[in-house]
Amino acid sequence: LASFRDCFSWAAYLLPIAFVAPLYLRGEVRFGAIAQTVTAFQASLDALSVVVRKFRSVSSLVAEGGRLDGLSEALGRAVMPQSAIAMQTVTEGEGLEVSKLFLSLPTGAKL
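Values in this document were obtained by computation on a predicted structure and should not be read as measured data.

Draft legend 1. Highlighting the overall build of the protein. Regarding its fold elements, the protein presents four helices and zero strands. Along the protein, helices and strands appear, N-terminal first, in the series α-α-α-α. Expressed as a percentage of the 111 residues in the protein, the buried residues total 7%. Carbon and sulfur atoms provide 64% of the accessible area of the protein, an area that totals close to 10,200 Å².

Draft legend 2. Region of the structure containing helix H2 (residues 32-48). Across its 17 residues, H2 extends 25 Å between first and last C-alpha, which sits within 8% of the 24 Å expected from 1.5 Å per residue. Of the positions making up H2, those classed as buried are Ala33, Ile34, Val38 and Leu45. Taken around the axis of H2, the buried residues stretch over an arc of 135 degrees, which confines them to a single face. Set apart from the buried face of H2 by more than 90 degrees, the exposed residues are Gln36, Thr39 and Ala47. Those residues of H2 that are buried are in contact with helix H1 (2-25).

Conventions used here
- Residues numbered from 1 in each chain as written.
- Predicted model: local features only at pLDDT ≥ 70, side-chain atom pairs only at ≥ 80, totals over all residues.
- Heavy atoms only, no water.
- Helix = DSSP H or I, 4+ residues; strand = E, 2+ residues; numbered from the N terminus.
- Buried < 20%, exposed > 50% of the residue type's maximum accessible area, 1.4 Å probe, protein only.
- Areas by Shrake-Rupley, 256 points an atom, 1.4 Å probe, with all protein chains shown as cover.
- Expected span 1.5 Å × (residues − 1).
- Arc of directions from axis to C-beta.
- Contact = heavy atoms within 4.5 Å.

Quick look at the structure:
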């Protein structure tokens, strides 16, 4: 991709000169027209080559969108708990005591 981009940038300088040089040599345009043509061609090329310059960020944006879509689908398929359980917190003593705790997978299967 880098070599393609380098050739592309060199073409932005050489193509307009190749088009205008015969006109200059015949005396049909002034010397300043060459610089104006190069500048106009580069501005047009920059506007049209946004995708080439931003290819990495565009491809990462597409990949992130795919991952977010997958996450959204997985969250949509997740099983909601069957009943809400009130949790009681006691701050006395040391350690942690848990009773009647059941774990399940997102599919609903008990662990």
